[in-house]
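Chain by chain, the residues run as shown.
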Amino acid sequence: MKASILVTGTEFVKGLKQDKNGAYIAKKCFERGLDVKSINIVSDNQYDIETYLKLALDKSDLVFITGGLGATEDDKTRDAISEAIGVPLVYNERWLKMLKERYKISGKEFTPERKRMAQLPYNAKPIENPVGNALGFIKVLYDVNKAIVALPGVPSELKVMLEKAFDFLGLKEKKGFVHLFRTYGKDETYIDGTLKDIENKILNASAYGVDIYVWDSNKIFLENTISVIRERLGNLIYTEDEKNMEEVVADLLKEKKYSLSTAESSTGGLISSRIVNVPGSSAYFYGSIVAYSNEVKINILNVKKEDIETYGAVSEPVAVQMAEGAKKLLKTDISLSDTGIAGPTGQTPGKPLGLHYIGMSTPEKTVVEKVIFNGDRNFIRTKVSQHALNMLRLYLIK
């Protein structure tokens, strides 16, 4: 069965926000055995929505539309669907009553605009929203054996309502299986070469490493592929789900019962910020010293002034002393440090843009890794933070 996805939102067309709903729907469609032909993004313009909806219906059996079901002036999806298929909008009395009660309880006025959220095309199947106010729906076009699935754009609402839509359409059973590997330590070219004989894969490189998606319609075949990739990539794989590096490190720190601190220069607190993004981080993370200036490195972290004068602030001895200084000052088992040149200026002869020294002081010893990353300032800073956390991960799993 062929499917198309239509994402509405002027904010996406203008580049002000990145769409994630289209990719989510596409993945879930694949799992149900649907053949997704296109993902289109259109502005909140009724004519544009109508035009792309007709095109999608022409080449697909199922069209998923997300967004434009709210109560604001730019929510045009209902009207566009109504005009495109020539079916009037009617109120779903059950949802209309529920909306009235919700707004009465909240003390908000039940305006005509809010009332519109109970509208759907005549004879459409309503998809009730358990976490929001916008009513979704499925309109089956029996004369051409096609269907339109309209869902809100809020991800938390869309995800649960999409499952309801699949159930109604008889697509409960998974027919396609996807597995994610997240890796760090080798670039996309290396990963691609190592897995060159693996079919049905997609690589996605970023500052956080290389994500690998593999899929198959046969679960046993996919499990065999997963085993092969695990054997070939080993510790390059830091997770096999949607977790970030900081979440993986958090689990390991709690398991090993280690405490952590950071001493950051170039990253300016990015490492510690990522660490505290994880709920419950106070159990293992004690604090950070953002030592951006040499004075802070010297006066707070006890970095030797003569070493900065001799080797420079961006050097291995300074990274060592920063890590050891933070560990001693904050009384932790482990400490991470970084010092480097994120750019776009600051390079000197022998010290190019992107050069960083990343330190890690553990109960046994202090180690430093020298890296050079290319890219803009914030890409480099993100890469440094990922590298530091990966150093910690590799230490903890050993």
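Residues numbered from 1 in each chain as written. Predicted model: local features only at pLDDT ≥ 70, side-chain atom pairs only at ≥ 80, totals over all residues. Heavy atoms only, no water.

Tallying secondary structure elements over the chain gives 15 helices and 17 strands in all. Summarising its shape, the C-alpha atoms of the chain cover approximately 80 × 55 × 40 Å along the three principal directions. Counting across all 398 residues of the chain, residues that qualify as buried make up 49%. Partitioning the intrachain contacts of the chain with sequence separation of at least 6 by distance along the chain shows that 66% fall at a separation of at least 24. (Helix = DSSP H or I, 4+ residues; strand = E, 2+ residues; numbered from the N terminus. Buried < 20%, exposed > 50% of the residue type's maximum accessible area, 1.4 Å probe, protein only. Contact = heavy atoms within 4.5 Å.)

Right, let's get into the sheet that holds strand E7 (residues 136-141). Judged by pairing direction, the sheet is mixed, and its six strands sit side by side in the order E2-E1-E3-E8-E7-E6 without closing on themselves. A strand with exactly one partner marks an edge of an open sheet, and here the two such strands are strand E2 (35-42) and strand E6 (125-127). With direction set aside, neighbouring strand axes in the sheet form an average angle of 15 degrees. Where helix H2 (residues 21-31) meets the sheet, its contacts fall on strand E1 (2-8), E2 and strand E3 (62-66), and the angle it forms with E2 comes to roughly 165 degrees. In the packing of helix H4 (residues 77-85) onto the sheet, contacts are made with E1, E3, E7 and strand E8 (146-151), and the angle to E7 comes to roughly 5 degrees. (Pairing = 2+ DSSP bridges. Axes fitted to C-alpha atoms, helices over the stretch in contact; angles between N-to-C directions.)

Listed in full, the buried residues belonging to H4 are Thr77, Arg78, Ala80, Ile81, Ser82 and Ala84. Downstream of H4 by one or two residues, Gly86 has phi in the positive range, about 70 degrees.

We now examine the sheet that holds strand E10 (residues 201-206). Taken in spatial order, the four strands make up an open sheet running E10-E11-E9-E12, and their pairing is antiparallel. Looking at the sheet topology across the chains shown, the edges are occupied by E10 and strand E12 (237-239). Across the sheet, the mean angle separating the axes of adjacent strands is 35 degrees when strand polarity is ignored. Here E10 pairs with strand E11 (residues 209-216) via six bridges, running antiparallel. Residue pairing across strands places Ala205 opposite Val210, the latter belonging to E11.

Okay, the side chain of Asn390 next. With respect to the secondary-structure elements, Asn390 resides in helix H15 (residues 377-397). For Asn390, a relative accessible area of 6% corresponds to the buried category. Those residues within four positions of Asn390 in sequence are excluded, and the remaining contacts are Tyr184 and Met245.

A separate point is the pairing of strand E13 (residues 260-264). In terms of residue burial, E13 counts as a mostly covered element, since five of its five residues are buried. Burial along E13 is two-sided: Leu260, Thr262 and Glu264 and Ser261 and Ala263, pointing in opposite directions, are all buried. Here E13 runs beside strand E14 (residues 285-290); their pairing, made up of five bridges, is parallel. Each bridged residue has a counterpart across the sheet, and for Glu264 the counterpart in E14 is Val290. Chirality of the crossover, the property in question, places the unit of E13, helix H11 (residues 270-276) and E14 among those that are right-handed. Summarising the sheet, E13 and strand E15 (residues 334-340) pair through five bridges and their orientation is parallel. Bridging from a neighbouring strand, Ser261 pairs with Ser335 of E15. (Right-handed = clockwise from strand over helix to strand, strands pointing away.)

Attention shifts here to the nonpolar core. Grouped together as the largest cluster of nonpolar side chains are 28 residues, with contacts concentrated most on Leu260, Leu336 and Leu392. At eight residues, H15 tops the list of elements feeding residues into this core. Discounting residues that sit within four places of it in the chain, Leu392 has contacts with Val249, Leu253, Leu260, Ile334, Leu336 and Met360. Listed in part, the 27 residues of the second largest apolar core include Ile65, Trp95, Ala124 and Ala150. (Core = buried A, V, L, I, M, F, W, Y, C linked by side-chain atoms within 4.5 Å.)

Turning next to the packing of helix H3 (residues 46-59) against H4. Contact geometry for H3 and H4: axes closest at 9 Å, N-to-C directions at 55 degrees. Considering the angle they form, H3 stands oblique to H4. Note on packing geometry: the crossing formed by H3 with H4 is right-handed. From H3, Gln46, Ile49, Glu50, Leu53, Lys54 and Leu57 reach across to H4, where they touch Thr77, Asp79, Ala80, Ile81, Glu83, Ala84 and Ile85. (Parallel < 35°, antiparallel > 145°, perpendicular 65-115°, else oblique. Left-handed = near helix turned anticlockwise from the far one by under 90°.)

Burial analysis of E7 places six of its six residues in the buried class, which makes it a mostly covered element. Every second residue of E7 is oriented toward a common face, with Gly136, Ile138 and Val140 on one face and Phe137, Lys139 and Leu141 on the other, all of them buried. Where E7 meets E8, five bridges bridge the pair, whose relative direction is antiparallel. Counterpart to Phe137 in the pairing with E8 is Ala150. Linking E7 back to E8 in an antiparallel pair, the connection comprises four residues, with Asn145 at a positive phi of about 60 degrees.

Any functional reading would require information beyond the geometric quantities listed.
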